[in-house]
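Coordinate inspection notes
These are the residues of each chain, in order.
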Amino acid sequence: MSSAVTIFSREGASSYEWLIQLLLTLGAAQNVSPFYISNNNNDKFRDEVTRCTFAILYHSKRRGRINIVDVKDSLYDNELKYLSEQLGRNNVIVVIDDLDDSSYEEKNRILGSQPSIKELTCELFLFSVAEKASLQHKQKENYLPTVKDKINQLGKIVGNKGDTGHPKSSSSSSTECTKIIKFTLIIVIIITTYTEVCQWYNRVIIYW
């Protein structure tokens, strides 16, 4: 099923235009909106989060480092945590491109040094410079073999998970739990009272 996707990044939208077009081509999203994260637009960021059902945090190695979270001068600690809290872990992924190495080993290395990515999102996708270049072709047969499985998985995750909507906040969940507990206690009290009345009634009948 299609979903409303927002790509959040400190990069300009032109850096991930390939990703926007890919998601639309796969039919994984009804629309894909870019959002530029800066140090002074936190209110707009939070407002944008309410508009989407699925979030992609995008980062380019062209910045020089892979510093998403948990490391010195990390770029997205607060943003990634907020996305996960509001949308749910299964509705957030991280995409990093312009890499020299996009192997499974490199992915594990990044997840090992930046564990919050694994804790707060459902997947991390890596794309090398060559893989990204191959995705510029409209014919899938021109895609590099290493990229085909990635885009299939990407399409399935965004398309299948993105329409689950926003999770309830912790406060509302807590309120619901309280209501359930109260209701359960009332039922227990009613059953206990009924049992005692029945026992009393039986004792009275037997006495007479």
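This section reports on the structure supplied with the text. These figures come from a predicted structure and were not determined experimentally. (Residues numbered from 1 in each chain as written. Predicted model: local features only at pLDDT ≥ 70, side-chain atom pairs only at ≥ 80, totals over all residues. Heavy atoms only, no water.)

**Let's talk about the packing of helix α2 (residues 42–49) against helix α3 (residues 77–87)**
Relative orientation of the contacting elements α2 and α3 amounts to 30°, with a least axis distance of 10 Å. The orientation of α2 relative to α3 falls into the category roughly parallel. By crossing handedness, the relation of α2 to α3 is classed as right-handed. Contacts between α2 and α3 involve Phe45, Arg46 and Val49 from the first element and Glu79, Tyr82, Leu83, Gln86 and Leu87 from the second. When the residues that make up the contact of α2 with α3 are grouped by side-chain class, the tally is five nonpolar, one polar and two charged. (Axes fitted to C-alpha atoms, helices over the stretch in contact; angles between N-to-C directions. Helix = DSSP H or I, 4+ residues; strand = E, 2+ residues; numbered from the N terminus. Parallel < 35°, antiparallel > 145°, perpendicular 65-115°, else oblique. Left-handed = near helix turned anticlockwise from the far one by under 90°. Contact = heavy atoms within 4.5 Å. Nonpolar A, V, L, I, M, F, W, Y, C, P; charged D, E, K, R; others polar.)

**Concerning the layout of surface pockets**
To find the voids left in a structure, one rolls a probe of water-molecule size over its atoms. The space that makes up the largest pocket amounts to roughly 230 Å³. Arg10, Asn42, Phe45, Asn78 and Glu79 are, among the 14 residues lining the largest pocket, the residues nearest its centre. For the lining of the largest pocket, the element with the most residues is α3, which contributes four residues. Taken together, the residues of the lining of the largest pocket break down into four nonpolar, six polar and four charged. (1 Å grid on protein atoms, 1.4 Å probe; cavity = no way out; pocket = protein on both sides within 12 Å on 5 of 7 lines; lining within 4 Å. Points joined across faces, edges and corners; volume = space filled by probe spheres on them.)

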